[in-house]
Structures are given as structure tokens and as C-alpha cells.
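Letter by letter, the chains look like this.
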Number of protein chains: 2
Amino acid sequence: MNQINRVAIVGGSHGNELIGVYLVKKFQQDSNLINRSSFETLALLGNPKAIAEGRRYIDKDLNRCFHNQGLPNPTLSSYEDLRAQEIQQILQPPNQPIVDAIIDLHTTTANMGLTLILGDMHPFLLRLAAYLSSINPLVKVCSHQQARGSGYLRSICEFGLVIEVGAVAQGILNAELFQQTEQLVYAVLDYFEDYNQGKTLQTNNTLTLYEALSVVDYPRNEEGEIQAMIHPQLQFRDYEPLNLGDPIFVTFEGQEIFYEGASTVYPVFINEAAYYEKGIAMHLTQKQLINNL
Amino acid sequence: MNQINRVAIVGGSHGNELIGVYLVKKFQQDSNLINRSSFETLALLGNPKAIAEGRRYIDKDLNRCFHNQGLPNPTLSSYEDLRAQEIQQILQPPNQPIVDAIIDLHTTTANMGLTLILGDMHPFLLRLAAYLSSINPLVKVCSHQQARGSGYLRSICEFGLVIEVGAVAQGILNAELFQQTEQLVYAVLDYFEDYNQGKTLQTNNTLTLYEALSVVDYPRNEEGEIQAMIHPQLQFRDYEPLNLGDPIFVTFEGQEIFYEGASTVYPVFINEAAYYEKGIAMHLTQKQLINNL
């Protein structure tokens, strides 16, 4: 594997996820915080117009717009499609060195603590994740594999990484999670620096990985209206085991709905605000131990 | 005091506060839940367009638009100004019986539990609040007095009451708070029914009331950009005493900022998402005991 030469830190791809917005502003004001000797680091606000309006997006979710193969597509006209092209031009300029790694900063209303979401299962990303979870037991690691050009920002480069922190409401700053996210960003940059300099970092050889399996939608009526809420016994219980017969929803009339799957799963993104419109009440994952990294 | 003849329950004045939206939909589908023998109850969605878009408002905050005196004002053009006029026509139709009491359902990202906000200090509202807090110790009572026509929905009728529940993120349902809010609405309606029927309800003669004194904004730079976050030691500590020297903010660089007031206050609406743009980091209240109700 080659050296890492260019790294991008992106915040505010969703304009109402403020921790990433204010971290990137901090990094832009004091680039010493993110500069390392062996590579270049760029800090970028993803969706400035949505940030100004305090909304997730203007026309559509920017983090589903990174489809194109680097060439401008003149048929696109939504704000986010055009902004995705701009970002791609910044991170992957033609005939110039491109970004090797992206750290994409997000928050969630689900109780996901400090979660790393890996864009693919490259051994370098797995070792990085094992290292970060070994130095900070609050770190959880999910894989949600996406093909190149699948629409996610993290999918446009070789090493794409999302830091997803919560529970935090949209539109607010949580100081504790802000500071924890900041330290996690520095730990990733330090790992890249050490890698470039040939240092071998002490780490567990084992990684606990939550692999995305499927999604569950809310119960809905024929008009698509939600008929039930996340059950109080499941609310804020991301990463805890869910077994056959455990309650997952409660209707507005108080009727409980139970999990009917045969195998134990580990839900994440439970009650994420932005996923109501996507038809996602939670993601189900399976817990894996990966050895001999 | 006369009988209560008409009551309105309003949800979704802010389109991203879902507990009120779905409670009103439930009440509209089964009006037996809110009908009482001695008065008429109307359930109304405040801001349908904002609800459809999952936003607090379209053009401006609807709950600051109830200024007019019942007559249509042809110079107004924003969606919320026009909707406020429509609501006023529904609740206070010319030459017909008007609504005596409004129960306005809201949620907050602050940790305010089940809060009643009283629009004025009418003894009937104070006795109602004392009764509700005596039957449910989770109920807290704030007064935030507003003149008639001050812009708040609750200010347009004789007995205006807000139920403000949290902490809950914008755009999500929290089942536990949904069910607690529902029970609180029924308790209010039952109290009105008993009052109309001349029953004397057992209650404490004492009410703990948090009276709004002032607001505190975030530290900002000359461009108005926020420079600090709610301190972790204050986050989620609504209704707890704040004393001289207690930390209230922490800057993005980690510097702590302390409360400098001489008297003990009780902050509420700490880190409410919708108040960033209003220049409000928290409301400060003073705690009062009101006796001999």
C-alpha cells in the first residue's frame, strides 16, 4: 500500500448536524490542529446552503449524490447534485493528486456513541478501527459497504470513513460529543502519520464489527403514515442484542409489536430523525469478531 | 368564573415536533378520547405545510404570529401569518362561541420533562397546575406571561396552556413522552369537566412555580457566530439551581465560562435547537412557592 498523501475532513454534509460544522470551522481557523508532516489535510464544509438554513439539505440528501465519475453532468440541476460535483472537483481534481482518505463527520439522534462507519473492508481500515477502539472503549465500529460511486461521499475515495456520533438532536451542539469527536479525528490523523512514517502501532488483533444486514421500517397504513413508535424498551438501546420476542414498536393505541426474527441482531440508527422519510426505523446488524488483523 | 364551553387542543404548530402532531391525529380519528359531557373539544393541526415538510415552519415561527385582533389583515402574506389568521377564525369565529381554553402541544430538545407553561397567572390556571403536579410528580410548572395578542397561540384565549415535553430531538417520536403527554392532556380535560360539574378536586394548596426572568444568549463573535457550547455540567440540567461561579458554557477551544449572577436561578430551555436563531441559549427562571391557592 502506498503512502497517504491527501486527507479531507468534511463536516456539515447535512446542514443540521452541527458538531461537524463547528469542528470544520475550528480546523479551518487553525490548520495546525490537523496538519501532519507526511500528508496534506483539507477541512471542508459539505453543504453551506443547508448549514445557513439549519436544514439537512435544500433539495435532496447530499450524501446520496456522489454518483458521477468525476465528469460534470450537465443534466443535473438540484443544489446538492451540483454541490456534489463541486466537492468531487475539490477532492479529486483532474490531473492532480487526489484525496486518499475522507473523514466524514455526522451526528445522529440514535444513541450510537462514537461510531466509525467503514465504507469497505480494506485491511488498512479494519486495522485503523481496531486501533481506535483499543485506545477508546467508547468507539464502536460498523461496516456498511457501499460500492464506489454509490452516492455516499465516503465511497469516492480509497479510504472512506464516517464518524457518526449521538444521541444528539438535530440543530444543537453537544459539548461532550464535540470534544470526543475532535479527539477521535486527531487519533485518525495521528494513525495516518504513524503509518506513513513506518511506525507499527500497538493494537488488539481483534475487532468487534457490527455489519449492516437489513433495515426495518415503521408500521405504516396504506397512505404511508406511521402507525407506531420505537418501543420504550428499545429506544436508545443501539448495539444491544435484540432477540425473538423482544418488543420493538408500540402503536399509538398502546399495542406492542415484537421482533420476529430467528437470530439475534444488534440494531443501530434506532429512531434517527432523518430516516423517517427514508422508511428506516433502524438498521439491523450482526456482531462479528475479526481476528488476526 | 363561567363554565368552560369550548377547548382546543393544538399540535404541530411547529412541524418538526411530532408528539403533538401524532396526538392530534389520534384525537381526530377517535374524538371519544377528548370529548367530555360539559364542553366541546376541538383537535387541530397548527402548521400542516411545515408538518408535511418536517420543518419547524415555512416562512416564520407560527407561534409568534398571533398578533391580530381577529380581523383579517390584507397586508400579511407569509404562510404562517395567513395560517395564524385561519386558526384564529376557527378558534374565535365571529358571532359564535369562542374557545375558552387552548392546550398547545410542544416538544423541546431541552430536558424539561413534562412542563406546563402558563400564559398568565389566573388563579384557575394556577389551581389546575397545582392539581396536575400533585397527581404526577414529573410535572413542572413555568410561567411565561404574555400579553393578549403577543404573538403566542396561548395568548389569544382566556386560559392558554402549553405542554412542553423533552428532551426529544426534532423530527422524532419518543413513545414514553408521547404516552405521558397523552395522559396529561386527559387529566387537563378531566379537570375542566370536574370544574364545570362543580366538583372540588383534592389538591395541594401549594404550587412550585418557575417564573421566567430573562434569557441568556450564546457567546458570539462580531459576525454573530456562536463561539461556545452549553457546558457539559449544565447540559440536560433544566430546573436545577445555577449559582454564581457554576460553569455554563465551554468554548470550542475548551475554555470554561461561568455564571456571574449574584442570585440562584433555575435555567430551562437549555440548548433548545429552535432557539439558536432566536439568540437564546437558555431561559433563567426563579423558583417560587405559591400558597393558599
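Predicted model, so just to flag it, every value in this text is computed and none were measured.

Notes on the UniProt feature "binding site: substrate" (unreviewed entry) in chain A
Residue and element names in this part refer to chain A.
And step 1. According to UniProt, the "binding site: substrate" (unreviewed entry) feature falls on Arg-56, Asn-63, Arg-64, Glu-164 and Tyr-275.
And step 2. Among residues more than four places away in sequence, those in contact with Arg-56 are Ser-13, His-14, Gly-15, Asn-16, Glu-17, Asn-47, Ala-50, Asp-61, Glu-272, Ala-274, Tyr-275 and Lys-278.
And step 3. Reaching out from Arg-56, the side chain makes a polar contact with the side chain of Glu-17 at a distance of 3.4 Å.
And step 4. Within the secondary structure layout, Tyr-275 lies in the loop between strand E11 (266–268) and strand E12 (282–290).

A closer look at the nonpolar core
And step 1. Leu173(A), Phe192(A), Leu173(B), Phe192(B) and Met282(B) are the most contacted members of the largest nonpolar core, which has 145 residues in total.
And step 2. In contact with Phe192(A), not counting residues within four places along its chain, are Ile4(A), Val7(A), Phe39(A), Ala101(A), Phe124(A) and Leu128(A).

Topic: the UniProt feature "binding site: Zn(2+)" (unreviewed entry) in chain A
Residues and elements named next belong to chain A.
And step 1. Per the UniProt entry, the sites bearing "binding site: Zn(2+)" (unreviewed entry) are His-14, Glu-17 and His-106 in this numbering. Spatial clustering of the annotated residues is evident: they stretch over 93 residues in sequence, but the largest pairwise C-alpha distance comes to 7.6 Å.
And step 2. Tracing the chain through its elements places His-14 in the loop between strand E1 (6–11) and helix H1 (18–29).
And step 3. By relative accessible area, which is 4% here, Glu-17 ends up buried.
And step 4. Excluding anything up to four places from it in sequence, Glu-17 contacts Arg-56, His-106 and Thr-107.

Focus: the interface of chain B and chain A
And step 1. In this assembly, 31 residues from chain B lie in contact with 31 residues from chain A.
And step 2. For the pair chain B and chain A, the two sides together bury roughly 2,500 Å², of which 61% comes from carbon and sulfur.
And step 3. By the criterion of area lost to chain A, the three top residues of chain B are Leu173(B), Met229(B) and Phe252(B), representing 21% of everything that side buries.
And step 4. Taken together, the links from chain B to chain A amount to two salt bridges.
And step 5. Ionic pairing is found between Lys25(B) and Glu225(A), a salt bridge with its closest N-O pair at 2.5 Å.
And step 6. Here chain B and chain A share eight residue pairs in polar contact (both at pLDDT 80 or more) between them.
And step 7. Within the side of chain B that touches chain A, the residues separate by chemical class into 16 nonpolar, seven polar and eight charged.

Conventions and cut-offs
- Residues numbered from 1 in each chain as written.
- Chains lettered and ligands numbered in written order.
- Predicted model: local features only at pLDDT ≥ 70, side-chain atom pairs only at ≥ 80, totals over all residues.
- Heavy atoms only, no water.
- UniProt positions renumbered as here; feature names shortened; annotations may be inferred.
- Contact = heavy atoms within 4.5 Å.
- Polar contact = N/O pair within 3.5 Å; in protein donor to acceptor, adjacent residues only side chain to side chain.
- Helix = DSSP H or I, 4+ residues; strand = E, 2+ residues; numbered from the N terminus.
- Core = buried A, V, L, I, M, F, W, Y, C linked by side-chain atoms within 4.5 Å.
- Buried < 20%, exposed > 50% of the residue type's maximum accessible area, 1.4 Å probe, protein only.
- Buried area = accessible area lost by both parts, 1.4 Å probe.
- Salt bridge = Lys/Arg side-chain N within 4 Å of Asp/Glu carboxyl O.
- Nonpolar A, V, L, I, M, F, W, Y, C, P; charged D, E, K, R; others polar.

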